[in-house]
Amino acid sequence: MTDSSAKLTLTQPQERNVTTLPTPPRWLFQIGYWFRIGFSLFLLLSIFIGVAGCSSSTATVPWQKATAVVPEAVIEQVIQSNTDMDVAQAKKTLLAWSVDGKEDKLTLFNFNTPNLCGALGCLYTGYWLRENQSAVEVFQSYLNPNLPANKPLIQVGDDRGQALPCLEVLQMEGNSLRDGKAERLRQLNYCFNGDRYQLADSQISSFKHKER
């Protein structure tokens with residue numbers, strides 16, 4: 001066998017192993033592209049639903065940006081009287097809810113920040129706003145906003161003959177929410193006594209979680 005024949009024999013298997021794959025059709029690239037888009041949208045939607053589910057317990061309370069509800073001077077008073085936070089920073093997250101009373105308005109404030117939450121709950125305050133008078137704090141309490149779905153944290157009740165309406169506050173009895181087991185909610189009724197809000201009475205009701 002000549003040298004040239006040996007070289008040909010050695011190189012022939014290598015030439016047989018080199019193959020050229022066909023280029024995938026364009027429609028396959030398009031399917032892959034739209035699959036990635038759809039999967040990304042699915043992830044975003046899942047995150048949104050999860051966040052909405054966590055906050056559904058307080059969705060029935062019509063909180064608004066405090067800057068859209070009360071004057072800047074009142075906002076600054078509320079922040080400085082209840083927190084050590086920077087006023088400009090606290091304004092960005094402070095929420096408010098204003099309700100009519102027999103004499104002007106009661107405005108509740110939700111500081112909406114983990115800085116003012118602890119073992120007792122999160123800080124909520126209420127101010128009596130009267131025309132041509134300084135805002136007066138009449139309610140302050142630490143409340144746990146984590147409630148079952150469709151259970152409002154705060155509702156307005158009767159005024160019981162006072163200038164401002166009572167507040168019906170729902171709170172969990174116990175420390176956990178367990179699926180499929182009966183739990184208890186306590187309704188705390190805070191009523192205005194002419195000077196500030198105080199606990200007037202409370203009731204307990206049971207409910208059962210839906211199994212997931």
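Treat the numbers as computed from the prediction; the structure is a model and nothing was measured.

Before going further, it helps to examine the state of the cysteines. As used here, a disulfide is simply a covalent bond connecting the sulfur atoms of two cysteines. The final tally for this structure, using the stated rule, is two disulfides. Paired through a disulfide, Cys117 and Cys122 show a sulfur-sulfur distance of 2.0 Å. Disulfide Cys117-Cys122: the torsion about the S-S bond is 110 degrees, which places it as right-handed. Sulfur-sulfur distance for the disulfide between Cys166 and Cys191 comes to 2.1 Å. Its torsion about the S-S bond being 110 degrees, the disulfide of Cys166 and Cys191 is classed as right-handed. Placement of the pair is Cys166 in the loop between strand S7 (154–156) and strand S8 (167–173) and Cys191 in strand S9 (residues 182–192), with a sequence separation of 25 residues.

Residues Val74, Ile75, Val78, Ile79 and Asn82 constitute the buried set of helix H3 (residues 72–82). Looking down the long axis of H3, one finds its buried residues gathered within 130 degrees of arc, a one-sided arrangement. Summarising the geometry of H3, the exposed residues directed more than 90 degrees from the buried face are Ala73, Gln80 and Ser81. Along its buried surface, H3 packs onto helix H4 (87–93), strand S3 (105–110), strand S5 (121–129) and strand S6 (136–143).

Let's shift gears to the nonpolar core. In this structure, Leu106, Leu108, Ile154, Leu167 and Tyr197 are the most contacted members of the largest nonpolar core, which totals 27 residues. Counting residues per element, the ones that place at least two in this core are strand S2 (95–100), S3, S5, S6, S8 and S9. The residues contacting Leu167, other than those within four sequence positions of it, are Leu106, Leu108, Phe139, Ile154, Gln155, Leu188, Asn189, Tyr190 and Tyr197. In terms of nonpolar packing, the next biggest core, distinct from the first, is built from 17 residues, Ala66, Ile79, Val87 and Leu94 among them.

A word on the pattern of salt bridges. Scanning the model with the defined rule gives six salt bridges in all. Glu173 is the partner of Arg184 in a salt bridge, and the nearest nitrogen-oxygen pair spans 3.6 Å. A residue pair is termed long-range when its members are at least 10 positions apart, and Arg184 in strand S9 and Glu173 in strand S8 qualify at 11 residues. Arg184 gets classed as partly exposed once you look at its relative accessible area, which sits at 41%. A relative accessible area of 25% places Glu173 in the partly exposed class. Each of Glu72, Glu76 and Lys91 takes part in one network of salt bridges that share partners.

Moving on, we get to the side chain of Gln171. One can find Gln171 in strand S8. Since its relative accessible area comes to 12%, Gln171 is described here as buried. A distance of 2.8 Å separates a polar atom in the side chain of Gln171 from the backbone nitrogen of Asn144. Residues in contact with Gln171, not counting those within four places in the same chain, are Leu143, Asn144, Leu147, Leu153, Arg184, Leu185, Arg186 and Leu188.

Residues other than glycine seldom take positive phi values, yet Asn112 does so here, at roughly 55 degrees. Its place among the elements puts Asn112 in the loop between S3 and strand S4 (117–118). Not every positive phi belongs to a glycine, and Asn132 is a case in point at roughly 65 degrees. The residue Asn132 is located in the loop between S5 and S6 in this model.

Below, the discussion takes up the confidence of the model for the protein chain. Mean pLDDT over the protein chain stands at 79; residues scoring 70 or higher make up 65%. Contacts for the low-pLDDT stretch residues 4–15, under 50 throughout, to residues beyond four places or in other chains number one contact. Under a pLDDT of 50 for its full length, residues 42–59 has, in the predicted model, 11 contacts with residues more than four places off or in other chains.

The rules behind each value
- Residues numbered from 1 in each chain as written.
- Predicted model: local features only at pLDDT ≥ 70, side-chain atom pairs only at ≥ 80, totals over all residues.
- Heavy atoms only, no water.
- Disulfide = S-S within 2.5 Å.
- Helix = DSSP H or I, 4+ residues; strand = E, 2+ residues; numbered from the N terminus.
- Buried < 20%, exposed > 50% of the residue type's maximum accessible area, 1.4 Å probe, protein only.
- Arc of directions from axis to C-beta.
- Contact = heavy atoms within 4.5 Å.
- Core = buried A, V, L, I, M, F, W, Y, C linked by side-chain atoms within 4.5 Å.
- Salt bridge = Lys/Arg side-chain N within 4 Å of Asp/Glu carboxyl O.
- Polar contact = N/O pair within 3.5 Å; in protein donor to acceptor, adjacent residues only side chain to side chain.
- pLDDT = per-residue confidence, 0-100.

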